[in-house]
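# Architecture at a glance
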Amino acid sequence: MDAVLVINADLGPLHRVTVQHAVRMLCRRVAEIHEAEPDQVIGVFPMPRVVRLVRYVVTRWRFSSGPAWSRAGVLRRDDRCCAYCGGPASTIDHILPRSRGGRNTWRNTTAACYGCNQRKGDRTPAEAGMPLRWEPVNPGWAALAGR
């Protein structure tokens with residue numbers, strides 16, 4: 001067994017760690033064994049399957065706001081499909097160009113192929129006569145992880 005499930009003090013799952021990390025958590029007394037392998041020990045500890053944190057860890061950040069913006073995230077959100085022509089995308093485009101105050105945000109960036117990105121240049125889609133095929137959205141954690 002190479003991974004140990006870490007659960008919060010309220011028994012909600014958090015993540016998985018290696019057995020070595022789990023034993024370190026037990027030694028530091030930040031976690032307790034919740035479930036163990038029968039008849040297997042590591043030093044004085046039974047071989048853990050599941051460890052439970054002693055104190056509750058707040059995880060609101062996972063659910064309150066979406067993931068941070070990234071170039072790879074934009075390409076993943078748009079399925080590497082150009083928002084202007086529908087072809088395969090390899091770059092990202094700022095809808096409101098950065099030179100005009102456009103920021104790196106989910107709603108201001110979209111995936112674009114190299115040709116469309118060059119043709120649009122330093123203009124808005126309306127000025128370039130290149131309408132978007134879809135409106136960019138803020139993705140959730142599940143939307144980016146599920147693809």
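Scoring rules and cut-offs
- Residues numbered from 1 in each chain as written.
- Predicted model: local features only at pLDDT ≥ 70, side-chain atom pairs only at ≥ 80, totals over all residues.
- Heavy atoms only, no water.
- Disulfide = S-S within 2.5 Å.
- Buried < 20%, exposed > 50% of the residue type's maximum accessible area, 1.4 Å probe, protein only.
- Domains from an automatic or database assignment.
- Pairing = 2+ DSSP bridges.
- Helix = DSSP H or I, 4+ residues; strand = E, 2+ residues; numbered from the N terminus.
- Axes fitted to C-alpha atoms, helices over the stretch in contact; angles between N-to-C directions.
- Contact = heavy atoms within 4.5 Å.
- Arc of directions from axis to C-beta.
- UniProt positions renumbered as here; feature names shortened; annotations may be inferred.
- pLDDT = per-residue confidence, 0-100.

For the protein chain, the name recorded in an unreviewed UniProt entry is 5-methylcytosine-specific restriction endonuclease McrA, with Micromonospora cremea as its organism.

### Observations concerning the state of the cysteines
All chains considered together, the criterion is met by zero disulfides. Cys82 takes part in no disulfide bond, and the closest cysteine sulfur, belonging to Cys85, lies 3.7 Å away. The class of Cys82 is buried, set by a relative accessible area of 0%. Free cysteine: Cys113, not disulfide-bonded; nearest cysteine sulfur from Cys116 at 3.4 Å. Classification of Cys113 by relative accessible area gives buried; the value is 14%.

### A short note on the domain arrangement of the protein chain
Domains assigned within the protein chain are domain 1 (3-61) and domain 2 (71-138). The C-alpha-based centres of domain 1 and domain 2 are spaced at 44 Å.

### Points about the sheet that holds strand β2 (residues 13-17)
One open sheet holds the four strands; their spatial order is β2-β1-β4-β3, and the pairing between them is mixed. Two strands bound the open sheet, and with one partner strand each, they are β2 and β3 (31-42). Strand-to-strand twist in this sheet, taken as the mean axis angle between neighbours without regard to direction, amounts to 30°. Strand direction decides the pairing type here: strand β1 (residues 4-7) and β2, joined by four bridges, are antiparallel. In the sheet register, Leu5 faces β2, and the bridge partner there is Arg16. Across the sheet, helix α1 (residues 19-27) is in contact with β1, β2, β3 and β4 (45-53); its angle to β4 comes to roughly 75°.

### A few points about α1
Taken residue by residue, α1 has Val19, Ala22, Val23, Met25 and Leu26 as its buried positions. Along α1, the residues classed as buried sweep out an arc of 155° about the axis, all on the same side. Exposed and oriented more than 90 degrees from the buried face of α1 are Gln20 and Cys27. Buried residues belonging to α1 abut β1, β2, β3 and β4. Remark: Arg29 follows α1 within two positions and exhibits a positive phi of approximately 60°.

### Remarks on the UniProt feature "domain: HNH nuclease" (unreviewed entry) in the protein chain
Feature annotation in UniProt places "domain: HNH nuclease" (unreviewed entry) on residues 69-118, given in this structure's numbering. With 24% helix and 16% strand, the stretch residues 69-118 has end C-alpha atoms that lie 22 Å from each other.

### Remarks on the confidence of the model for the protein chain
Looking at the protein chain, pLDDT values average 91 and 93% of them are 70 or higher. Taking the mean pLDDT of every element in the protein chain, the minimum, 62, falls on helix α2 (residues 60-64) and the maximum, 97, on strand β6 (residues 109-112).

### Describing the pairing of β4
In the sheet, β1 pairs with β4 via three bridges, with the strands oriented parallel. Counted as the bridge partner of Leu5 is Val50 from β4. When β3 meets β4, the two strands line up antiparallel, connected through seven bridges. Along β4, the bridge assignment pairs Ile33 with Val51. Here β3 folds back onto β4, and the loop between the two strands holds two residues, one of which, Gly43, carries a positive phi near 65°.

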